[in-house]
Amino acid sequence: MSPQLRIGDIVLNENSDCFVIAEVGHNHQGSLEKAKQMFAAAKECGCDAVKLQKRHNRTLYTADLYNKPYENENSFGATYGEHREALEFGLAEYQELMAYARELGLIMFATAFDFISADFLAGLDIPVYKIASGDLTNTPLLKYVAGFGKPMIISTGGATMDDVRRAYDAVMPINSQICLLQCTAAYPATHEELNLRVIETYRKEFPQALVGLSDHENGIAMALAAYVLGARVVEKHFTLNHTWKGTDQAFSLEPIGMRKLVRDLRRARTALGDGMKSQYPGEKSPIMKMGKKIVAARPLVPGCVLTMDDIALKSPGDGLPPYELENVLGKKLITALKPDDNITFEMLEGTAQPGAEIIRAVDQVTAQANRIAAQVIPAGALRSAPPMQIEFYGPAAAKARARELAGLLAGIRLVAFDFDGVFTDNTVYTMQDGTEAVSCWRGDGIGLRKLDRLGIAKMVISSEPNCVVAARCQKMGIECRHSVENKLELLEQLAREMQIGLEQIAFVGNDINDLPCLKAVGLPIAVHDSHPHVVADARYVTTADGGQGAVREVCDLLEWAHGWMEASPLAGAGTAQSDSAVM
């Protein structure tokens, strides 16, 4: 299973937005008012969290270092100890800042540099702990903080892989809520030393840990690259003014930079998409304008056998696409054409191939829908056997059948899915914590988003409670009803609430306990590996097994119907007349 981390009310995983931390550190210069101003600015920039640093300076440093003269342009005291104490907030300041962060809707936490500071933060019940790169080898502190049971974000600057593995092995048996941050402990870090591919290495070597980036470079572009590589936490030093005194100010982001960073990280998640190549609505008009179609190059008369001299490929692309050229050449024309008139298969003798028009219309949507079209179902009759090929004789029959099917599917307002055997491949895995997990096809979630675009309601109905089912449904954005003893009663209740009839509901099942629902709804669907009795009462049987894309196929089928009804030239009026169709 992919790693997941919960920080406050925010859940982080491979599909989540990036968790952006504004590292305030000591850029507040010891001023409570400046710290509040920085918190407010971080919130306005869209950050998720603000982070401070907590040290118990007297016990953290040797006497020599604590008392060492510290005279430079960034000093807040005559000695290093005085400098550090001037920047340190105490209990009252932390309590006030935590209350202010809650008021803003920000998560506030801090880096614990020592045991006393860790206890101090534990007393404040912070939601997450940060461990600095310098303490990656401090396994006693790592284990101590792990014992608090809160998520830990661990920076790995200046480390070797052995150091990282040692720290991981020290914490994981105590606390599995870990995020490892790739980090280069240089201030600022050059692009050449960021080594962002370590993020990929961490994801491979430590699959139970979330991965992120503690970014010390001057710009914002590398954090975006880190997100694309898999980082789901980005920590960036933050200031209100580069010119303020302090060693971290110069390479910290000011609000304008932080705002752009958060904006780009949020856009990145959306821009990465779902990985399935498809045409977006905004592309249709440009592609239509730029695309080509097959048209008459000159006046043509009936009986003409088409050659290349008779044909031209011109824009816009609102006719037969050029890849159909070989199916046009050598065919006899049965109607007269003027120059630039569209050439269609209905104008050609001997090209009304079984179901060709439907297949072409569907192919413009998805290849999956193309396969569905080859198994078009006659409305008004239940299947009594597994799917059989329907042969179409003549374009009128194909047109009538397609219109009949698309009309049925386009009327569906709710799709209800059984879970076991539909979303899963019925293989159960037991995790280390005893939780049962199942294998689910990731494309099903992509398909369900199509139903959202079509305005079709969707629901999972499960006969027993299961935390894995709940988690999977939450990830796919679909409502789940648990412990349903009578699924048909629930469907009837939903129909009343939605003010629709049962004939406007599709139910997808696989087992005999689904039969009452399948017999009652307008579109009973069984997945390919269903019980034989279920197959017998299904109007449509998917070509894919449960857990292997059956849900996606159902969603594609509905999308095809809506698209075909809206866009296909075959969806117009007309009847089969003397043409016939057989099964």
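Look above for the structure.
Asks: What's the story with the overall build of the chain in this structure? I'm lost.
Replies: A count of helices and strands for the chain gives 21 helices and 22 strands. Here the chain holds 583 residues, and 49% of them are scored as buried. Of the accessible surface of the chain, which amounts to about 26,600 Å², a share of 51% is contributed by carbon and sulfur atoms.

Asks: What's the story with helix α8 (residues 161-171) in this structure? I'm lost.
Replies: Within the span of α8, buried status applies to Asp163, Val164, Ala167, Tyr168, Ala170 and Val171. The buried residues of α8 all sit within an arc of 165° when viewed along its axis, so they share a single face. Those residues of α8 that are buried are in contact with α7 (139-146), β7 (152-155), β8 (178-183) and α9 (198-205).

Asks: Help me out: how do you make sense of the sheet that holds strand β19 (residues 505-509) in this one?
Replies: Strand-to-strand pairing in sheets goes through backbone hydrogen bonds, with the strands running parallel or antiparallel. The strand order across the open sheet formed by 6 strands is β18-β17-β14-β19-β20-β21, and the pairing between neighbours is parallel. Each edge of the sheet is formed by a strand with only one pairing partner; in this case those strands are β18 (479-481) and β21 (540-541). Across 5 bridges, strand β14 (residues 414-418) lies against strand β17 (residues 457-461) in parallel orientation. When the bridges of β17 are listed, Phe417 appears paired with Val460. Running over the sheet, helix α18 (residues 487-498) touches β14, β17, β18 and β19 and is turned about 160° from β17.

Asks: Help me understand the pattern of salt bridges, please; the structure alone is not making it clear to me.
Replies: Taken as a whole and judged by the stated rule, the model has 26 salt bridges. Asp264 is the salt-bridge partner of Arg263, the closest N and O atoms lying 2.9 Å from each other. Among the ionic contacts, a cluster of salt bridges with common partners joins Lys450, Arg552, Asp556 and Glu559.

Asks: Explanation requested: the environment of Glu33 in the structure shown.
Replies: Relative to the assigned elements, Glu33 resides in helix α1 (residues 32-45). Separated by 64 residues in the primary sequence, Glu33 and Leu97 have C-alpha atoms spaced 9.7 Å apart.

Asks: Any chance you could explain the nonpolar core here in plain terms?
Replies: Formed by 81 residues in total, the largest nonpolar core has its most connected members in Phe39 and Met258. Counting residues per element, this core draws most heavily on α1, at 6 residues. Excluding anything up to four places from it in sequence, Phe39 contacts Val24, Val50, Leu52, Leu97, Tyr100, Ala101, Leu104, Leu106 and Met108.

Asks: Explanation requested: the sheet that holds β8 in the structure shown.
Replies: Reading around the circumference, β3-β4-β5-β6-β7-β8-β9-β10 is the order of the 8 strands in this closed barrel, with parallel pairing throughout. Sheet twist, expressed as the mean angle between neighbouring strand axes with direction ignored, is 25°. Where β8 meets strand β9 (residues 210-215), 5 bridges bridge the pair, whose relative direction is parallel. Bridge pairing links Leu181 to Gly212 in β9. Relative to strand β3 (residues 19-25), helix α11 (residues 255-272) is tilted by about 160°, and along the sheet it contacts β3 and β10 (233-237).

Asks: How should the packing of α7 against α8 be read in this particular structure?
Replies: For any two helices packed against each other, the geometry is given by the interaxial angle and the distance between the axes. Relative to each other, α7 and α8 sit at 35°, their axes nearing to 9 Å. Note that α7 runs across α8; the crossing there is right-handed. Here Thr139, Leu142, Lys143 and Ala146 of α7 lie close against α8, whose contacting residues are Arg166, Ala167, Ala170 and Val171. Broken down by class, the residue content of the contact of α7 with α8 amounts to 5 nonpolar, 1 polar and 2 charged.

Asks: Can you walk me through the packing of aromatic side chains in this structure?
Replies: Ring pairs (aromatic) are described by centroid distance and by the angle formed between their planes. A complete count under the given rule lists 8 aromatic pairs for this structure. A ring pair is formed by Tyr168 and Phe206, whose centres lie 4.7 Å apart and whose planes are at 45°; its orientation type is tilted. Note that Tyr168 is positioned in helix α8 and Phe206 in the loop between α9 and β9, a separation of 38 residues in sequence. Per residue, the accessibility class of Tyr168 equals that of Phe206, and both read buried.

Asks: What am I meant to see in unusual backbone geometry here?
Replies: Only a minority of non-glycine residues have a phi that is not negative, and only a minority of peptide bonds are not trans. The omega angle of the peptide bond from Tyr187 to Pro188 is 5°, so this bond is cis rather than trans. Position of Pro188 relative to the elements: it lies in the loop between β8 and α9. Backbone torsion omega between Ser315 and Pro316 reads 5°, so that peptide bond is classified as cis. Residue placement: Pro316 occurs in the loop between β12 (311-314) and α13 (356-363). One non-glycine residue with positive phi stands out, namely Asn195, at about 50°. Residue position: Asn195 is located in the loop between β8 and α9.

Asks: Whenever I open this one, the packing of α1 against α11 confuses me. Can you help?
Replies: Remark: α1 packs on α11, axes separated minimally by 8 Å, with the N-to-C direction vectors making an angle of 35°. The element α1 and its partner α11 pack so that their crossing is right-handed. Here α1 contributes Ala41, Glu44 and Cys45 to the contact with α11, which in turn contributes Pro255, Met258, Arg259 and Val262. Here the residues of the contact of α1 with α11 are counted per class, giving 5 nonpolar, no polar and 2 charged.

Asks: Can you help me understand the environment of Gln4 in this one?
Replies: Summarising the element assignment, Gln4 is placed in the segment before β1 (5-7). Along the sequence, Gln4 and Asn15 sit 11 residues apart, while their C-alpha atoms lie 9.9 Å from each other. A distance of 3.5 Å separates the side chain of Gln4 from the side chain of Asn13, its partner in a polar contact.

Asks: Hey, could you run me through the environment of Ala101 in this one?
Replies: Structurally, Ala101 is set in helix α5 (residues 91-104). On the basis of relative accessibility, which here comes to 1%, the residue Ala101 falls in the buried class. Among all residues touching Ala101, those that are not within four sequence positions of it are Phe39, Leu106 and Met108.

Asks: Would you mind showing me how to read the pairing of β8 here?
Replies: On any regular strand, side chains alternate: one points to one face of the sheet, the next to the other face. The buried fraction of β8 amounts to 6 of the 6 residues, a majority that puts the element mostly inside the structure. Where burial is concerned, the two faces of β8 agree: the one with Ile178, Leu180 and Gln182 and the one with Cys179, Leu181 and Cys183 are both buried. Of the pairings in the sheet, the one linking β7 to β8 comprises 4 bridges and is parallel in character. Bridge pairing in β8 links Ile154 to Leu180. Handedness of the crossover joining β8 and β9 through α9 is recorded here as right-handed.

Calculation rules
Residues numbered from 1 in each chain as written. Predicted model: local features only at pLDDT ≥ 70, side-chain atom pairs only at ≥ 80, totals over all residues. Heavy atoms only, no water. Helix = DSSP H or I, 4+ residues; strand = E, 2+ residues; numbered from the N terminus. Buried < 20%, exposed > 50% of the residue type's maximum accessible area, 1.4 Å probe, protein only. Areas by Shrake-Rupley, 256 points an atom, 1.4 Å probe, with all protein chains shown as cover. Arc of directions from axis to C-beta. Contact = heavy atoms within 4.5 Å. Pairing = 2+ DSSP bridges. Axes fitted to C-alpha atoms, helices over the stretch in contact; angles between N-to-C directions. Salt bridge = Lys/Arg side-chain N within 4 Å of Asp/Glu carboxyl O. Core = buried A, V, L, I, M, F, W, Y, C linked by side-chain atoms within 4.5 Å. Left-handed = near helix turned anticlockwise from the far one by under 90°. Nonpolar A, V, L, I, M, F, W, Y, C, P; charged D, E, K, R; others polar. Phe/Tyr/Trp six-rings, centres within 6.5 Å; stacked < 30°, edge-to-face > 60°. Polar contact = N/O pair within 3.5 Å; in protein donor to acceptor, adjacent residues only side chain to side chain. Right-handed = clockwise from strand over helix to strand, strands pointing away.

Purely geometric stuff here, so don't read any function into it on its own.
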